[in-house]
Amino acid sequence: NIFFKSNSGIVLYGDLISNGSSVNPINFYGDKDNTNYSGYILGIGPSDIFMNYVSFFDFSSTNKLDIPGSVTFYNSNVKLKNVNFNTNSSEDYLNIVNSNFTMENIVFENCSSDCFDSDFSDGELNNVKFNISKNDGLDISESKINANNLFFKQIGDKAISAGENSKIYMNNININNSEIGIVSKDGSIIEGDNVIIDLVRLPLAIF
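In this report, we go over the structure that sits alongside the text. (Residues numbered from 1 in each chain as written. Predicted model: local features only at pLDDT ≥ 70, side-chain atom pairs only at ≥ 80, totals over all residues. Heavy atoms only, no water.)

### Comments concerning the state of the cysteines
Part 1 of the reasoning: Overall, the coordinates contain one disulfide when judged by the stated rule.
Part 2 of the reasoning: Through a disulfide, cysteine 111 is tied to cysteine 115; the S-S separation comes to 2.4 Å. Around the S-S axis, the bridge from cysteine 111 to cysteine 115 shows a dihedral of about 115° and counts as right-handed.
Part 3 of the reasoning: Accessibility expressed as a relative area gives 0% for cysteine 115, which makes it buried. (Disulfide = S-S within 2.5 Å. Buried < 20%, exposed > 50% of the residue type's maximum accessible area, 1.4 Å probe, protein only.)

Written out as structure tokens, the structure reads:
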């Protein structure tokens, strides 16, 4: 268990390996009772990032470094497996920029704004849940994503937002009880099979 106090976090210039287990997971905690920023990870890169059985609780971004994400990786190879992101106070919970990534068995819950933001990146998503977000669930720009088995529930804005010439190929998508389902913007391409959209005010939109 790793606890962060006021205005504290990790700025990473090298590789990061966090390899827990189902019995002994690795837990990162921000200070939810502190009004200042507490609990963030910023990877500058180039880095190799590997996380397995890791959970984040009550994380936030920091105004000192002017980053939108509670957990942010630049210029990296990112592999996340069995990772939970629970409750944050930042523009994005996870932001991956100019990187390659794979994510499997991931849960985002109680996101104060966007849950996951991919910028200028290529990646794969497998078995990812987005539960309760005040803004977007999955927000991608200038990215190429392959997605399988995604579940969205109680998304306050867009469940899936693809912008700035992004491409997303998806299979087995379930969007439930949300504001907007799937949005394609700025020349982006979205292709999908087995997509279920239920109790959503605006299921599809193109800009």
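### Brief notes about the packing of aromatic side chains
Part 1 of the reasoning: Tallied over the entire structure, the rule returns 14 aromatic pairs.
Part 2 of the reasoning: Their ring planes at 10° and their centres at 6.3 Å tell us that phenylalanine 108 and phenylalanine 116 sit as a pair that is stacked. Note on accessibility: phenylalanine 108 and phenylalanine 116 belong to one class, buried.
Part 3 of the reasoning: Members of the aromatic cluster, each reached through a chain of ring pairs, are Phe4, Phe28, Phe56, Phe59, Phe85, Tyr93, Phe101, Phe108, Phe116, Phe130 and Phe152. (Phe/Tyr/Trp six-rings, centres within 6.5 Å; stacked < 30°, edge-to-face > 60°.)

### So, the side chain of serine 141
Part 1 of the reasoning: Residue position: serine 141 is located in strand β13 (residues 138–141).
Part 2 of the reasoning: The exposure class of serine 141 is buried, given its relative accessible area of 12%.
Part 3 of the reasoning: Separated by 2.5 Å, the side chains of serine 141 and aspartate 119 make a polar contact.
Part 4 of the reasoning: With residues near it in sequence (within four places) discarded, serine 141 still touches Ser118, Asp119, Phe120, Gly163, Glu164 and Ser166. (Helix = DSSP H or I, 4+ residues; strand = E, 2+ residues; numbered from the N terminus. Polar contact = N/O pair within 3.5 Å; in protein donor to acceptor, adjacent residues only side chain to side chain. Contact = heavy atoms within 4.5 Å.)

### With respect to the nonpolar core
Part 1 of the reasoning: Membership of the largest hydrophobic core comes to 45 residues, with the highest contact counts inside it found for Phe56 and Phe108.
Part 2 of the reasoning: Those residues in contact with phenylalanine 108 that lie beyond four places of it in its chain are Phe85, Tyr93, Leu94, Met103, Cys115, Phe116, Val128, Lys129, Phe130 and Asn131. (Core = buried A, V, L, I, M, F, W, Y, C linked by side-chain atoms within 4.5 Å.)

### Looking at the pairing of strand β4 (residues 26–29)
Part 1 of the reasoning: Bridge count for strand β1 (residues 2–3) against β4 is two bridges, and the pairing is parallel. The partner of phenylalanine 3 across the bridge, within β4, is tyrosine 29.
Part 2 of the reasoning: Here β4 runs beside strand β6 (residues 47–60); their pairing, made up of four bridges, is parallel. Bridge assignment links asparagine 27 to a residue of β6, and that residue is serine 55. (Pairing = 2+ DSSP bridges.)

### Some words on unusual backbone geometry
Part 1 of the reasoning: In this chain, glycine 45 is followed by proline 46 through a cis amide linkage whose omega measures 0°.
Part 2 of the reasoning: Tracing the backbone through its elements, the reader meets proline 46 in the loop between β5 (41–43) and β6.
Part 3 of the reasoning: Notably, asparagine 172 is not glycine yet its phi reads approximately 60°, a positive angle.
Part 4 of the reasoning: For asparagine 172, the location among the structural elements is in strand β16 (residues 167–184).
Part 5 of the reasoning: Take asparagine 172: its relative accessible area is 32%, and that puts it in the partly exposed class.
Part 6 of the reasoning: Not every positive phi belongs to a glycine, and asparagine 194 is a case in point at roughly 55°.
Part 7 of the reasoning: With respect to the element layout, asparagine 194 can be found in strand β17 (residues 189–206).
Part 8 of the reasoning: Of the residues examined, asparagine 194 reaches a relative accessible area of 53% and is grouped as exposed.

Functional significance is not addressed by these values, which are geometric in nature.
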